[in-house]
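Observations on the three-dimensional arrangement
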Amino acid sequence: MSQPDLSALVRDYSGLLYRVALSLLHNAAEAEDVVQDAFVRVLEREGELSSITGIRPWLVRIAWNLALDRIRKRRPDQISAQMEDLFQATLVSAQVPADQALADAQQIAAVMRAIKTLPRLEQQALLLSAMEELSTAEIAVILGKTESSIRSLLFRARAHLRERLKL
């Protein structure tokens, strides 16, 4: 098997890795750092690249784990400050009336709170599935589960969310 071209990997997957990191971190600068760190990891394992059969889920798993590591290191005040920044950004949007921005922000906050009450694996499967680019097979590889267990996790997570949000 030939060695993958590193510049092609960066070109083809940096956008996906950025979206994965951003979905967890909700911070553009941190997501960019995760993408850079992911490709540093790729460089460190350059000799193994030709033996990796599913490069896309392998790369996503690296970015996912790096983003999770960053979340574990956060202080509670950092998380609330990021949510306030997101809220303020929606309030100053010229396209959205302030009352609608406030309602949207409250709804997003309620959904995020509900997601955080889900079991860890349900949270992870749900966040990854929200990125429509990833199949259940790829999510299974990323989380180290079977495809059927991912489908079950997603079903349970959505049911729990409907129950918690009374949808």
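That block above? That's the structure.
So, here's what we can say about the structure.

Cut-off values and rules
- Residues numbered from 1 in each chain as written.
- Predicted model: local features only at pLDDT ≥ 70, side-chain atom pairs only at ≥ 80, totals over all residues.
- Heavy atoms only, no water.
- Helix = DSSP H or I, 4+ residues; strand = E, 2+ residues; numbered from the N terminus.
- Buried < 20%, exposed > 50% of the residue type's maximum accessible area, 1.4 Å probe, protein only.
- Expected span 1.5 Å × (residues − 1).
- Contact = heavy atoms within 4.5 Å.

**Concerning the environment of Val-10**
- Residue position: Val-10 is located in helix α1 (residues 6-25).
- Judged by its relative accessible area of 36%, Val-10 is partly exposed.
- Expressed as a C-alpha distance, the spacing of Val-10 and Gln-36, which sit 26 residues apart in the sequence, is 9.4 Å.

**Observations regarding helix α2 (residues 28-44)**
- The first and last C-alpha atoms of α2 sit 25 Å apart over 17 residues, in line with the 24 Å expected at 1.5 Å per residue.
- Looking only at α2, the buried set comprises Glu-30, Ala-31, Val-34, Val-35, Ala-38, Phe-39 and Val-42.

**Here's the deal with the side chain of Gln-124**
- Within the secondary structure, Gln-124 is located in helix α6 (residues 120-130).
- Those residues within four positions of Gln-124 in sequence are excluded, and the remaining contacts are Trp-64, Leu-68 and Leu-143.

**Some points on unusual backbone geometry**
- Unusually for a residue other than glycine, His-26 sits at a positive phi of about 55 degrees.
- Topologically, His-26 is positioned in the loop between α1 and α2.

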